[in-house]
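Residues per chain are reported as follows:
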Amino acid sequence: MIKLEELNAKAEEYAFGGAIIPHEISGPVIRMEDGNCVVAYFCYGYTYQDIQKMELRRPSEWLLLDPSTGELIAENYCQEKDFSSESFNSRYSMEDESRVDADDEWLDEMDQLFEQVRTDLVKNGGFDGETYRRYLEKLLSITPESYRVFYRELSI
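Parameters at a glance
- Residues numbered from 1 in each chain as written.
- Predicted model: local features only at pLDDT ≥ 70, side-chain atom pairs only at ≥ 80, totals over all residues.
- Heavy atoms only, no water.
- Helix = DSSP H or I, 4+ residues; strand = E, 2+ residues; numbered from the N terminus.
- Buried < 20%, exposed > 50% of the residue type's maximum accessible area, 1.4 Å probe, protein only.
- Contact = heavy atoms within 4.5 Å.
- Expected span 1.5 Å × (residues − 1).
- Core = buried A, V, L, I, M, F, W, Y, C linked by side-chain atoms within 4.5 Å.
- Polar contact = N/O pair within 3.5 Å; in protein donor to acceptor, adjacent residues only side chain to side chain.
- Pairing = 2+ DSSP bridges.
- Phe/Tyr/Trp six-rings, centres within 6.5 Å; stacked < 30°, edge-to-face > 60°.
- Salt bridge = Lys/Arg side-chain N within 4 Å of Asp/Glu carboxyl O.

Enquirer: What's the story with the environment of I25 in this structure? I'm lost.
Expert: When you line up the elements, I25 lands in strand β1 (residues 23-25). The exposure class of I25 is buried, given its relative accessible area of 16%. Residues in contact with I25, not counting those within four places in the same chain, are N8, A11, E12, A15, Y41, F42 and C43.

In structure tokens:
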């Protein structure tokens, strides 16, 4: 099983077909797809104006990766196969006073929770729901309120 850093790096390489455009990928989540649990990420592009306004468009792509190897299972464009019910015409504020300002130790703890879930999934075919809930809680707390919906909709 590859390390989480490698998994995230592979997702970054797969995003937008490897095109070099300003973009970000989400944190990883577990998604049930065709009866299998896989690792999923959403991807969104941005412009200089988006950064200036502190607003983003909704994700335009989502990726499914093998939880063990990080191999790409699917690259889905939201206009063709969507995971979200949110509008493509809306803008989402990145300003959020309630967002946790996480330090490296806090982020490491969050990553360890996801690694525990992913390890259990690969080794046992399942995972502890409470551990995954704690991971999602941490992930959502560092995400602006307006963008949390995308994690909720992409995750199991």
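Enquirer: Even after reading the chapter, I still don't get helix α4 (residues 129-141), so can you show me in this structure?
Expert: Each full turn of the α-helix corresponds to 3.6 residues, which orients residues three or four apart in the same direction. Over its 13 residues, α4 runs 18 Å from end to end, which matches the ideal 18 Å to within 8%, given 1.5 Å per residue. Among the residues making up α4, those that are buried are T131, Y132, Y135, L136, K138, L139, L140 and S141. Check the buried side of α4 and you find it contacts β2 (29-33), α3 (104-124) and α5 (148-154).

Enquirer: Please clarify how the nonpolar core should be interpreted in this entry.
Expert: As a rule of thumb, nonpolar side chains are buried together in soluble globular proteins. Core analysis: the biggest nonpolar cluster contains 41 residues, and V29, I30, F42, Y132, Y135 and Y147 have the highest contact counts within it. Only α1 (4-14), β2, β3 (36-45), β5 (61-65), α3, α4 and α5 provide two or more residues apiece to this core. Top contributing element to this core by residue count: β3, with eight residues. Not counting residues within four places of it along the chain, the set of residues in contact with V29 comprises V38, V39, A40, F114, Y132, L136, L139, Y151, L154 and S155.

Enquirer: Would you mind showing me how to read unusual backbone geometry here?
Expert: Positive phi outside glycine occurs at F16, with the angle close to 55 degrees. Tracing the sequence through the fold places F16 in the loop between α1 and β1.

Enquirer: Would you explain the side chain of S84 in this entry?
Expert: Here S84 is to be found in the loop between β6 (72-77) and β7 (92-93). A relative accessible area of 10% places S84 in the buried class. In terms of polar contacts, S84 uses its side chain to reach the backbone amide nitrogen of E86, at 3.0 Å. Only 2.3 Å separates the side chain of S84 from the side chain of E153, close enough to count as a polar contact. In contact with S84, not counting residues within four places along its chain, are R58, F150 and E153.

Enquirer: I keep staring at the pairing of β2 and nothing clicks. Help me out?
Expert: Successive residues of a regular strand alternate their side chains across the two faces of the sheet. Within β2, four of the five residues are buried, which leaves the element mostly enclosed by the surrounding structure. Direction of pairing for β2 relative to β3: antiparallel, over a ladder of five bridges. From the neighbouring strand, I30 faces β3, where its bridge partner is V39.

Enquirer: Looking at this structure, I do not really get the packing of aromatic side chains. What am I missing?
Expert: Centre-to-centre distance and the angle between the planes together describe a pair of aromatic rings. Counted according to the given criterion, the structure contains 14 aromatic pairs. With 5.3 Å between their ring centres and 75 degrees between their planes, Y44 and Y147 make a pair best called edge-to-face. With Y44 in strand β3 and Y147 in the loop between α4 and α5, this residue pair connects regions lying 103 residues apart in the sequence. Classification of Y44 as buried rests on a relative accessible area of 14%. Overall, the relative accessible area of 3% leaves Y147 in the buried class.

Enquirer: Hey, could you run me through the pattern of salt bridges in this one?
Expert: Scanning all chains against the criterion turns up 13 salt bridges. Two residues, R91 and E55, come together in a salt bridge whose shortest N-O distance is 3.7 Å. Of this pair, R91 sits in the loop between β6 and β7 while E55 sits in strand β4 (residues 55-56), and the two are 36 residues apart along the sequence. Under the relative-accessibility criterion, R91 is labelled partly exposed at 33%.

In short, the description is geometric, and any link to function would need to be established separately.
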